[in-house]
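Architecture and fold: a report
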Amino acid sequence: MKTEYENITPDRGSSFRVLHWYADHDRFFWHQHPEYEIVYIHKGSGKRHIGQHLSYFEEGALMFIGPNIPHLNFGYGAEDKHEEIVIQLRADFLGEHFLQSPELQDVKRLFERSKQGISFYGETRCQVAIQMCQLPQLNHFERLIQLLIILQSLATSKEYSLLNISGLSYEHSHRQEARIRQVYAYVEQNYQNEIDLNTIADLANLTVPSFCRYFKKITQMTFTDFVNEYRIQQSCKMLMQNQSITDACYHNGFNNLSHFTKTFRKVTGKTPRDYRKEIA
């Protein structure tokens, strides 16, 4: 995929940028920028494609992404309402020696970890989500204070997992960009049915072995794992709507409950039953 450069400027009268974004038929935007980025998904769910990491996010996801890491816009392909709060800042947004301050050593380590991509959960996510939703209504001084509080909360939290992103920037042709978009679209339209590998390889104009190598190189996961993660994401939506585990299984392309439960646990770390209890 050809990586586009996104030019980001701070808000007028501010040293960083706060973006309250409502996605509506967002275009495919594979891009990178030198700013660090904190993203809170207030509404919606979808694909998380950052560097060579590919997975799915749910509503409420909170992520910290390091600089110059290619990533796909989170609103791309959203079928329902998608809303996010985003903070974009450079490491020196408060001066060249900002992170050298002794009071900010935890934040400095947070910035280093962000180059692998960080996903937060638990009480940290709940607390920071509230703080980020308040940002658009604050004046510039209050935003700065709030940002420092957010950074310290993230820096000292133990409630996170690394996405293990490859920080390498890479260029691909427009043909490859179109190819991966076709694969995404095909899975989104056909995940409820059996997906034949020969069909998807033909769609990509590759042999099956070549397609498998290509997809693994681009996403760092097998095509089967990709399809299963998408199906589990759709299953989670049904469970959140209080639909039965059996319906969530068979409606989303799984042929038996045993395989569904095993895959669900692999993707989410929980059984479907435990997941339902957690969101109840």
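Refer to the structure printed above.
Since the structure is predicted, the reported quantities are computational estimates derived from the model, not experimental observations.

Here we come to unusual backbone geometry. Within the chain, Asn 68 stands out as a residue other than glycine whose phi angle is a positive 60°. Looking at the element boundaries, Asn 68 is found in the loop between strand S7 (62-65) and strand S8 (71-72). Backbone geometry places Asn 205, a non-glycine residue, at a positive phi of 60°. Topologically, Asn 205 is positioned in the loop between helix H5 (197-203) and helix H6 (208-219). Overall, Asn 205 belongs to the exposed group, its relative accessible area being 56%.

Right, let's talk about the packing of aromatic side chains for a bit. With the rule as written, the count across this model stands at 21 aromatic pairs. Ring geometry for Phe 16 against Phe 93: centres 6.0 Å apart, planes inclined by 90°, an arrangement best described as edge-to-face. Taken together, the residues Phe 16 in the loop between strand S1 (4-5) and strand S2 (17-23) and Phe 93 in the loop between strand S9 (82-89) and helix H1 (105-113) connect sequence positions 77 residues apart. Residue classification places Phe 16 among the buried residues on the basis of a relative accessible area of 2%. Consider the rings of Phe 211 and Phe 223, whose centres lie 5.4 Å apart with planes at 75°: the pair is edge-to-face.

Now for the packing of helix H7 (residues 223-240) against helix H9 (residues 257-268). Two elements in contact, H7 and H9, have axes separated by 10 Å at closest approach and are oriented at 95°. Taken together, the axes of H7 and H9 lie roughly perpendicular to each other. Judged by residue contacts, Asp 225, Asn 228, Glu 229, Ile 232, Ser 235, Cys 236 and Leu 239 of H7 engage Phe 260, Thr 263, Phe 264, Lys 266, Val 267 and Thr 268 from H9. Split into classes, the residues belonging to the contact of H7 with H9 amount to six nonpolar, four polar and three charged.

Along the chain, Thr 207 turns up in the loop between H5 and H6. In this structure the side chain of Thr 207 is engaged in a polar contact, spanning 2.9 Å, whose partner is the side chain of Ser 210.

This part covers the sheet that holds strand S4 (residues 36-43). A sheet is described by the order of its strands in space; here six strands give the open sequence S2-S9-S4-S7-S10-S11, paired in antiparallel fashion. For this open sheet the edge positions go to S2 and strand S11 (160-162), each flanked by a neighbour on one side alone. Within the sheet, the average angular offset between the axes of one strand and its neighbour, ignoring direction, is 20°. Across seven bridges, S4 lies against S9 in antiparallel orientation. Along S9, the bridge assignment pairs Tyr 40 with Ile 85. Contacting S4, S7, S9 and strand S10 (118-120), helix H2 (residues 122-134) crosses the sheet at an angle of about 95° to S4. Here helix H3 (residues 140-156) sits on the sheet and contacts S2, S4, S7, S9 and S10; the angle it forms with S4, its principal contact strand, is near 90°.

What counts as what
Residues numbered from 1 in each chain as written. Predicted model: local features only at pLDDT ≥ 70, side-chain atom pairs only at ≥ 80, totals over all residues. Heavy atoms only, no water. Helix = DSSP H or I, 4+ residues; strand = E, 2+ residues; numbered from the N terminus. Buried < 20%, exposed > 50% of the residue type's maximum accessible area, 1.4 Å probe, protein only. Phe/Tyr/Trp six-rings, centres within 6.5 Å; stacked < 30°, edge-to-face > 60°. Axes fitted to C-alpha atoms, helices over the stretch in contact; angles between N-to-C directions. Parallel < 35°, antiparallel > 145°, perpendicular 65-115°, else oblique. Contact = heavy atoms within 4.5 Å. Nonpolar A, V, L, I, M, F, W, Y, C, P; charged D, E, K, R; others polar. Polar contact = N/O pair within 3.5 Å; in protein donor to acceptor, adjacent residues only side chain to side chain. Pairing = 2+ DSSP bridges.

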